[in-house]
Amino acid sequence: MRIAVQDAAFDPSAELAGFGQGRADVGAVVSFTGLVRDDTGQMQALEIEHYPGMTERAIGAIVEEACTRWTLADALVIHRYGRLEIGAPIMMVATAARHRQAAFEAAEFLMDYLKSRAPFWKKEITATGAAWVEAKESDETALTRW
Amino acid sequence: MVEVLYFAWLRERIGVPREQVETTAATVSDLIAELKTREPRYEAAFADLSAVRVALDQELSDFSVPLAGVREVAFFPPMTGG
């Protein structure tokens, strides 16, 4: 299991190299990468603030919970903070399991919880100012399916 | 004495990322009520509590929870990670 909360950019394909491989009990690897999207055509960058200390603890608890619900051979969570350019990877999760159902479900669970239970806040920077991204009702309701 | 942290727009409205607060507030709600009486910037930050979340010693918590033994209180808007 690996959790990284970092300012630095990362390369999702490099992070996945070898992930879950070389062992007899893994038949499935699922990964998700979130990229900085510009819905308005006005964005210059995305700024992400986080709560150092709590962020790592919260993600650790989410990964631990995923491991109690599914049998995972490995799990990876990377989440950036600071100033991010449009199109850049913000975060990724990867899961390795014996079968694909567990790998897919655990990856979705990790994503759903990272969105509204890990202390990150996004701010969209435009030429004319900046605005905090508001949490979506749908992000909260997404948790009820687990 | 408790360390109070603010994030995102709460930090911007209050103007500091963290501060030491001398308080005898019994619960989080009491602490918010006490802060709101201090200065207008707190009143502005805590005007709509439906948009405020709290963590006690880095664990998500509730406004009704007692502050006894708590060292770090953090206020922030709903999280927008992922």
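The name an unreviewed UniProt entry assigns to chain B is Molybdopterin synthase sulfur carrier subunit, from the organism Rhodobacter aestuarii. A UniProt comment under Sequence similarities (unreviewed entry) is attached to chain B, and it reads "Belongs to the MoaD family."

Looking at an unreviewed UniProt entry, chain A carries the name Molybdopterin synthase catalytic subunit, with the source organism given as Rhodobacter aestuarii. Word for word, the UniProt comment on chain A under Function (unreviewed entry) is "Converts molybdopterin precursor Z into molybdopterin. This requires the incorporation of two sulfur atoms into precursor Z to generate a dithiolene group. The sulfur is provided by MoaD." Its UniProt record, at the heading Catalytic activity (unreviewed entry), says of chain A: "2 [molybdopterin-synthase sulfur-carrier protein]-C-terminal-Gly-aminoethanethioate + cyclic pyranopterin phosphate + H2O = molybdopterin + 2 [molybdopterin-synthase sulfur-carrier protein]-C-terminal Gly-Gly + 2 H(+)".

Draft legend 1. The arrangement of the interface of chain A and chain B in detail. Facing 25 residues of chain A, the contacting portion of chain B comprises 21 residues. Between chain A and chain B, roughly 1,800 Å² of surface is buried when both sides are summed, and carbon and sulfur atoms account for 56% of that area. For the interface between chain A and chain B, the tally reads 3 salt bridges. One salt bridge in this structure joins B:Glu59 and A:Arg57, with 3.1 Å as the shortest N-O distance. Counting the contacts that link chain A with chain B gives 14 residue pairs in polar contact (both at pLDDT 80 or more). Looking at the side of chain A that touches chain B, the elements that each hand over two or more residues are strand S3 (43-50), helix H2 (54-69), strand S6 (89-97), helix H3 (100-117) and strand S7 (120-126) of chain A. The element contributing the most residues to the side of chain A that touches chain B is H3(A), with 5 residues. Its residues assigned to classes, the side of chain A that touches chain B shows 14 nonpolar, 4 polar and 7 charged.

Draft legend 2. Structural context of the nonpolar core. With 33 residues, the main nonpolar core has A:Tyr51, B:Tyr6, B:Leu31, B:Phe46, B:Val73, B:Phe75 and B:Phe76 as its most contacted residues. Sorting the residues of this core by element identifies strand S1 (2-6), helix H1 (8-14), helix H2 (28-38), helix H3 (40-45), strand S3 (53-56) and strand S5 (72-76) of chain B as the ones contributing at least two each. Formed by 32 residues, the second largest nonpolar core is a distinct cluster that contains A:Leu46, A:Val63, A:Ala103 and A:Ala107.

Draft legend 3. Representation of the packing of H2(A) against H3(A) within the structure. Residue and element names in this part refer to chain A. Relative to each other, H2 and H3 sit at 155°, their axes nearing to 10 Å. In terms of their interaxial angle, H2 and H3 are classed as roughly antiparallel. The two elements H2 and H3 meet at a crossing, and its hand is right-handed. Mapping the contact onto sequence places Ala-58, Ile-59, Ile-62, Val-63, Glu-65, Ala-66 and Arg-69 in H2 and Phe-109, Leu-110, Tyr-113, Leu-114 and Arg-117 in H3.

Draft legend 4. View of H2(B). All names here are of chain B. Within the span of H2, buried status applies to Val-28, Leu-31, Ile-32 and Leu-35. The arc that holds every buried residue of H2, seen down its axis, measures 100°, which confines them to one face. The inward-facing, buried residues of H2 contact S1, strand S2 (18-21), H3, S3 and S5.

Draft legend 5. Inspection of the layout of surface pockets at higher detail. Roughly 560 Å³ of volume is contained in the largest pocket. Of all the secondary structure elements, the ones that give two or more residues to the lining of the largest pocket are H3, S7 and helix H4 (137-141) of chain A together with H1, S3 and strand S4 (59-61) of chain B. With 3 residues, the top contributor of residues to the lining of the largest pocket is H4(A). Considered class by class, the residues forming the lining of the largest pocket number 14 nonpolar, 4 polar and 10 charged. The volume enclosed by the second largest pocket comes to roughly 440 Å³. Contributing to the lining of the second largest pocket are 21 residues, with A:Arg37, A:Lys115, A:Lys122, A:Val133 and A:Lys136 lying nearest its centre. When contributions to the lining of the second largest pocket are tallied by element, the ones reaching two or more residues are strand S2 (28-35), S3, H3 and S7 of chain A.

Analysis parameters
Residues numbered from 1 in each chain as written. Chains lettered and ligands numbered in written order. Predicted model: local features only at pLDDT ≥ 70, side-chain atom pairs only at ≥ 80, totals over all residues. Heavy atoms only, no water. UniProt positions renumbered as here; feature names shortened; annotations may be inferred. Contact = heavy atoms within 4.5 Å. Buried area = accessible area lost by both parts, 1.4 Å probe. Salt bridge = Lys/Arg side-chain N within 4 Å of Asp/Glu carboxyl O. Polar contact = N/O pair within 3.5 Å; in protein donor to acceptor, adjacent residues only side chain to side chain. Helix = DSSP H or I, 4+ residues; strand = E, 2+ residues; numbered from the N terminus. Nonpolar A, V, L, I, M, F, W, Y, C, P; charged D, E, K, R; others polar. Core = buried A, V, L, I, M, F, W, Y, C linked by side-chain atoms within 4.5 Å. Buried < 20%, exposed > 50% of the residue type's maximum accessible area, 1.4 Å probe, protein only. Axes fitted to C-alpha atoms, helices over the stretch in contact; angles between N-to-C directions. Parallel < 35°, antiparallel > 145°, perpendicular 65-115°, else oblique. Left-handed = near helix turned anticlockwise from the far one by under 90°. Arc of directions from axis to C-beta. 1 Å grid on protein atoms, 1.4 Å probe; cavity = no way out; pocket = protein on both sides within 12 Å on 5 of 7 lines; lining within 4 Å. Points joined across faces, edges and corners; volume = space filled by probe spheres on them.

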